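Remarks on the overall topology
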Amino acid sequence: MNGLMASSSVFLHRPVDSRLAFASRTSHNAGKCGNGRVSFMRIGTRRLPVVLSMTASVDSGDEVVKSVLPGNGISIMVNGCSGKMGKAVIKAADSAGVNFVPISFGSAGEDGQKVEVCGKEITVHGPAEREKVLSSVFEKHPELIVVDYTIPSAVNDNAELYSKVGVPFVMGTTGGDRDKLYETVEKAKIYAVISPQMGKQVVAFLAAMEIMAEQFPGAFSGYSLDVMESHQASKLDASGTAKAVISCFQELGVSYDMDQIQLIRDPKQQVEMVGVPEEHISGHAFHLYHLTSPDETVSFEFQHNVCGRSIYAEGTVDAVLFLAKKIRLKADQRIYNMIDVLREGNMR
């Protein structure tokens, strides 16, 4: 997709180059489980069991699987279509043959704007009459799934709207009150995929971290941790992915406060200090976690770098198709995350 690339790597050595300077930043709220951990694999305040198997599941819904392939009645409505992530999702969906409706929600200032993506003109509606508009779209497209890539401050209001109308959704937007988000969806009993990270390969890395935390608690007791994350300047909050990884390190025995995360948003620092390619300053996600033993004789470094948005857009389309299958099967479970999507094994 436009030559965008993604890379993920894990290093178990001290780099030749001098280490990045780490500094604390303002605290960012994070959704937590009852034990204080920011869990990536969670539903409400319940933690899901972690299994090593990622093989495809087998059920009696073979015909259902076939019926939710792209082009078989599923439609998506992408809220936040004027943003780069929203546009990337629409392009990925269009390439996969998934229909997208030419309507989207945005801010009051965007009301009435027209956004052209993949040769189709999308009308953006502001906050007024959103319920009426969404109800009308849902009536016209009964197998509609909303994809949300808006802003953190809109997460809870949007979830309330989707729940009230009864529209299933995929929430890719980070931030907001996550506990309230899950409570809203559980109360409405609608289907949803909620995930702070849509990149399938990054999700697999997160799953491995959670397995390690579950199996070897305290393994890194006494180690110090430095965390740096770099994203485009438009990302207002700290990385949900970073918080999830840090929570795993906390269970592994590392003492670390979320407000110690070094957020890099300055383009010059991103190029010179972090090593982000200039062409990807407007769209990237670089994460670095550096662990040091108490006597400083041992260090571990974990790094995952993503340039562009295609990895998230493709994962979002897989999440849409996954959710459509669960809806048609009338699955008992209603709320899912990307671990569930990966475990299903039916990705394109």
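Look a little higher up for the structure.
Here is a short report on the structure shown in this document. Predicted model only: the values in this text are computed from it and were never measured.

Some thoughts on unusual backbone geometry
With glycine set apart, most residues show a phi of negative sign, and most peptide bonds adopt trans. One non-glycine residue, glutamate 296, lies in positive phi territory at about 60°. Along the polypeptide, glutamate 296 turns up in the loop between β14 (284-292) and β15 (299-307). The residue lysine 330 is not glycine, and still its phi comes out positive at about 55°. Position of lysine 330 relative to the elements: it lies in the loop between α9 (310-329) and β16 (335-336).

Some details on the pairing of strand β12 (residues 224-231)
Most of β12 sits out of view: 6 of its 8 residues are buried. With 8 bridges connecting them, β12 and β14 associate as antiparallel partners. Each residue of the ladder has a partner; that of serine 224, found in β14, is threonine 292. Alignment of β12 against strand β13 (residues 262-264), held across 3 bridges, turns out to be parallel. Note on β13: the bridge partner recorded for glutamate 229 is leucine 263.

Brief notes about the side chain of lysine 326
Tracing the backbone shows lysine 326 in helix α9. Side-chain polar atoms of lysine 326 contact the side chain of glutamate 344, separated by 3.4 Å. Excluding its chain neighbours within four sequence positions, the residues that come into contact with lysine 326 are Tyr191, Ala331, Tyr336 and Glu344.

Quick look at the packing of helix α6 (residues 200-215) against α9
Two quantities define a packed helix pair, namely the angle between the helix axes and the distance between the axes. At their nearest, the axes of α6 and α9 sit 8 Å apart, and the two run at 80° to each other. One way to sum up the angle between α6 and α9 is to call them roughly perpendicular. Contacts between α6 and α9 involve Lys200, Gln201 and Val202 from the first element and Ile311, Gly315 and Asp318 from the second. For the contact of α6 with α9, a count of residues per class yields 2 nonpolar, 2 polar and 2 charged.

Examining the sheet that holds strand β6 (residues 103-105)
Taken together, the 3 strands give an open sheet; going across it, the order is β6-β8-β7, and neighbouring strands pair in mixed fashion. If you trace the sheet from one side to the other, it starts and ends with β6 and β7 (114-117), each paired once. Averaged over all neighbouring strand pairs, the angle between strand axes comes to 35°, with direction disregarded. Here helix α3 (residues 130-140) sits on the sheet in contact with β6 and β8 (120-125), set at roughly 145° to β6.

What to know about the pattern of salt bridges
Overall, the coordinates contain 8 salt bridges when judged by the stated rule. The shortest N-O distance in the salt bridge between glutamate 344 and lysine 325 comes to 2.5 Å. In this pair, glutamate 344 is assigned in helix α10 (residues 338-344) and lysine 325 in helix α9, connecting sequence segments 19 residues apart. A relative accessible area of 7% places glutamate 344 in the buried class. Between lysine 326 and glutamate 344 there is a salt bridge, and its shortest N-O distance comes to 3.4 Å. Of this pair, lysine 326 sits in helix α9 while glutamate 344 sits in helix α10, and the two are 18 residues apart along the sequence.

Here we look at the environment of threonine 173
Structurally, threonine 173 can be placed in the loop between β10 (169-171) and α5 (178-188). Linking threonine 173 and serine 153, residues 20 residues apart in sequence, is a C-alpha distance of 9.7 Å. Side-chain polar atoms of threonine 173 contact the backbone nitrogen of threonine 150, separated by 2.9 Å.

Overview of the packing of helix α2 (residues 84-96) against α9
Running from N to C, α2 and α9 point in directions that differ by 55°, and their axes come no closer than 8 Å. By the angle between their axes, α2 is oblique relative to α9. At the point where α2 passes α9, the crossing takes the right-handed sense. The segment α2 lies against α9, with Met85, Ala88, Val89, Ala92, Ala93 and Ala96 engaging Tyr312, Ala313, Glu314, Thr316 and Val317. Taken together, the residues that form the contact of α2 with α9 break down as 9 nonpolar, 1 polar and 1 charged.

Considerations on the packing of aromatic side chains
Inspection of the entire model under this criterion finds 7 aromatic pairs. Ring geometry for phenylalanine 249 and tyrosine 289: centres 6.2 Å apart, planes at 50°, overall tilted. Note that phenylalanine 249 is positioned in helix α7 (residues 240-251) and tyrosine 289 in strand β14, a separation of 40 residues in sequence. Pair check on accessibility: phenylalanine 249 and tyrosine 289 agree, each one buried. In this structure an aromatic cluster arises from ring pairing among Phe220, Tyr223 and Phe300.

So, the nonpolar core
Ile76, Val147, Val170 and Val193 are the most contacted members of the largest nonpolar core, which has 45 residues in total. Secondary-structure elements contributing two or more residues to this core are β4 (75-79), α2, β7, β8, β9 (144-148), α6, α9 and α10. Residue contributions to this core peak at 10 residues, all from α9. The residues contacting valine 147, other than those within four sequence positions of it, are Ile76, Met77, Val78, Asn79, Val89, Val170, Thr316 and Val320.

Procedures and definitions
- Residues numbered from 1 in each chain as written.
- Predicted model: local features only at pLDDT ≥ 70, side-chain atom pairs only at ≥ 80, totals over all residues.
- Heavy atoms only, no water.
- Helix = DSSP H or I, 4+ residues; strand = E, 2+ residues; numbered from the N terminus.
- Buried < 20%, exposed > 50% of the residue type's maximum accessible area, 1.4 Å probe, protein only.
- Pairing = 2+ DSSP bridges.
- Polar contact = N/O pair within 3.5 Å; in protein donor to acceptor, adjacent residues only side chain to side chain.
- Contact = heavy atoms within 4.5 Å.
- Axes fitted to C-alpha atoms, helices over the stretch in contact; angles between N-to-C directions.
- Parallel < 35°, antiparallel > 145°, perpendicular 65-115°, else oblique.
- Nonpolar A, V, L, I, M, F, W, Y, C, P; charged D, E, K, R; others polar.
- Salt bridge = Lys/Arg side-chain N within 4 Å of Asp/Glu carboxyl O.
- Left-handed = near helix turned anticlockwise from the far one by under 90°.
- Phe/Tyr/Trp six-rings, centres within 6.5 Å; stacked < 30°, edge-to-face > 60°.
- Core = buried A, V, L, I, M, F, W, Y, C linked by side-chain atoms within 4.5 Å.

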